[in-house]
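# Coordinates in review
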Amino acid sequence: MTIAYGNYPPTPTRPGGKHEGIIVCWFLGLGSLVSWSSMLTIGDYYYCLFPKYHPSRVLTLVYQTFALGTMAILAYNEAKINTRKRNVAGYILFAASTLMLMVVDLATSVGGGIGPFIGICAIVAAFGVADAHVQGGMVGDMAFMCPEFMQSFFAGLAASGALTSALRLITKAAFDKSKDGPRKGVSHIDQFEKKIDPSHHMILWLIVPCAISRNLHFLGIPVCSAAADVAKPPKRLSNKQLIFQNIDYALDLYLIYVLTLSIFPGFVFENTGKHKLGNKWYPLVLIAMYSVLDLISRYIPLVPSSKLESRNGLLIAVLSRFLLIPAFYFTAKYGDQGWMIFLVSFLGLTNGYLTVCVLTIAPRGYTGPEANALGNLLVLFLLGGIFSGVALDWLWLIGKKKAF
């Protein structure tokens, strides 16, 4: 249990338990995004079922529309919401939506069509609502804990992409030449999710969120003491004041994800051209490289000397990433697959690194309620950036034959 006011760092009253908390946060991040990550990595399968509907672009747009709208409502009412119940509700919705996705997948066994596609869009919308509940709630809670917990949670998010990418590559190799290969590969991923749903998801998504909000201080993890806040209540800054004080951090997150989602995953699936790896393998390799480098980069800030803490430095680094747009354009048009793999890897590397740097630095010096509110507001800008990036991603289709 810890008290943190002003610019003084929190000091735990009990030693130990930090490593256990880091592991818990990592698994919370993994569990909250593994379903959506699996949908991204099986994008080639959805292109086989729904070739005319631009599934990678449409599904991502649906997801982020509902995530952003829900997050805006939750951020506005953050002070009135029980964060523990919010987290649990989000994880329950994730689990229920995952099971429904498997049901819809069975419905597409006879082929695609507008009906099954709308059903998948509805489930993806539920994923977006769940993501807003979980990501905003967890980041808000972790904003006044150790920075390592925030880093671990976002590393877990990236790990979900790396894990599902590895599974997709394995199933793709195993069933590539078999009859109905894409569906068989996806069904094995579904079987993997079915095995972990009853045990892993119920324990991870229901029990652990309650424990992390209520009981982590028994492990000695530095969190702000609610009792201390009541005994000596600090003056709480308004959301408007928090945004003005951290507008550069908010813009950093917005711009990071505007760029990333304007390229990934829509551009990767539809605009990278034909290469030696073929249209079936090439997008999967690109997604796998992005996911792996995104995961690795989220551990780099753990080394103090490699962590970028300058506010001006972060803004310059974020703005410089926009040079990747012409780089991707000319590489897709004139370069070979090696350069494209390098660019996608660099995109993932900078995305994960800058995200962790911003989110672990921004909450410093704020009281518990302020840090919680700031965490929610930063996630709102992050999701706003994702939504804008997904919308801008459609511009790559301009001038493309048979785009619509």
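Each remark here, short or long, concerns the structure printed above.
Analysis parameters
- Residues numbered from 1 in each chain as written.
- Predicted model: local features only at pLDDT ≥ 70, side-chain atom pairs only at ≥ 80, totals over all residues.
- Heavy atoms only, no water.
- Helix = DSSP H or I, 4+ residues; strand = E, 2+ residues; numbered from the N terminus.
- Buried < 20%, exposed > 50% of the residue type's maximum accessible area, 1.4 Å probe, protein only.
- Contact = heavy atoms within 4.5 Å.
- Areas by Shrake-Rupley, 256 points an atom, 1.4 Å probe, with all protein chains shown as cover.
- Axes fitted to C-alpha atoms, helices over the stretch in contact; angles between N-to-C directions.
- Parallel < 35°, antiparallel > 145°, perpendicular 65-115°, else oblique.
- Left-handed = near helix turned anticlockwise from the far one by under 90°.
- Nonpolar A, V, L, I, M, F, W, Y, C, P; charged D, E, K, R; others polar.

Attention now moves to the overall build of the protein. For the protein, the helix and strand inventory stands at 16 helices and zero strands. For the protein, the proportion of its 404 residues judged to be buried stands at 56%. Long-range contacts, defined as pairs at least 24 residues apart, comprise 85% of the intrachain contacts of the protein with a sequence gap of at least 6. As displayed, the protein has an accessible area near 17500 Å², and 70% of this comes from carbon and sulfur atoms.

What follows deals with the environment of Ile-386. Note on placement: Ile-386 falls in helix 16 (residues 368–392). The class for Ile-386 is buried, based on a relative accessible area of 9%. The spatial distance from the C-alpha of Ile-386 to the C-alpha of Ala-67 is 9.7 Å, given a sequence separation of 319 residues. Sequence-distant contacts of Ile-386, defined by excluding residues within four places in its chain, comprise Gln-64, Tyr-257 and Leu-261.

Here we take up the environment of Asp-248. Position of Asp-248 relative to the elements: it lies in helix 10 (residues 247–263). Judged by its relative accessible area of 16%, Asp-248 falls in the buried class. Considering only alpha carbons, one finds Asp-248 and Leu-314, 66 residues apart in sequence, at a separation of 8.9 Å.

For the pair helix 13 (residues 311–320) and helix 15 (residues 337–361), the least separation of the axes is 11 Å and the interaxial angle reads 150°. Taken together, helix 13 and helix 15 sit at an angle that is classed as roughly antiparallel. When the axes of helix 13 and helix 15 are compared, the crossing they make is left-handed. Two secondary-structure elements touch here, helix 13 through Leu-314, Ala-317 and Val-318 and helix 15 through Leu-354, Cys-357, Val-358 and Ile-361. Of the residues in the contact of helix 13 with helix 15, the class split is seven nonpolar, no polar and no charged.

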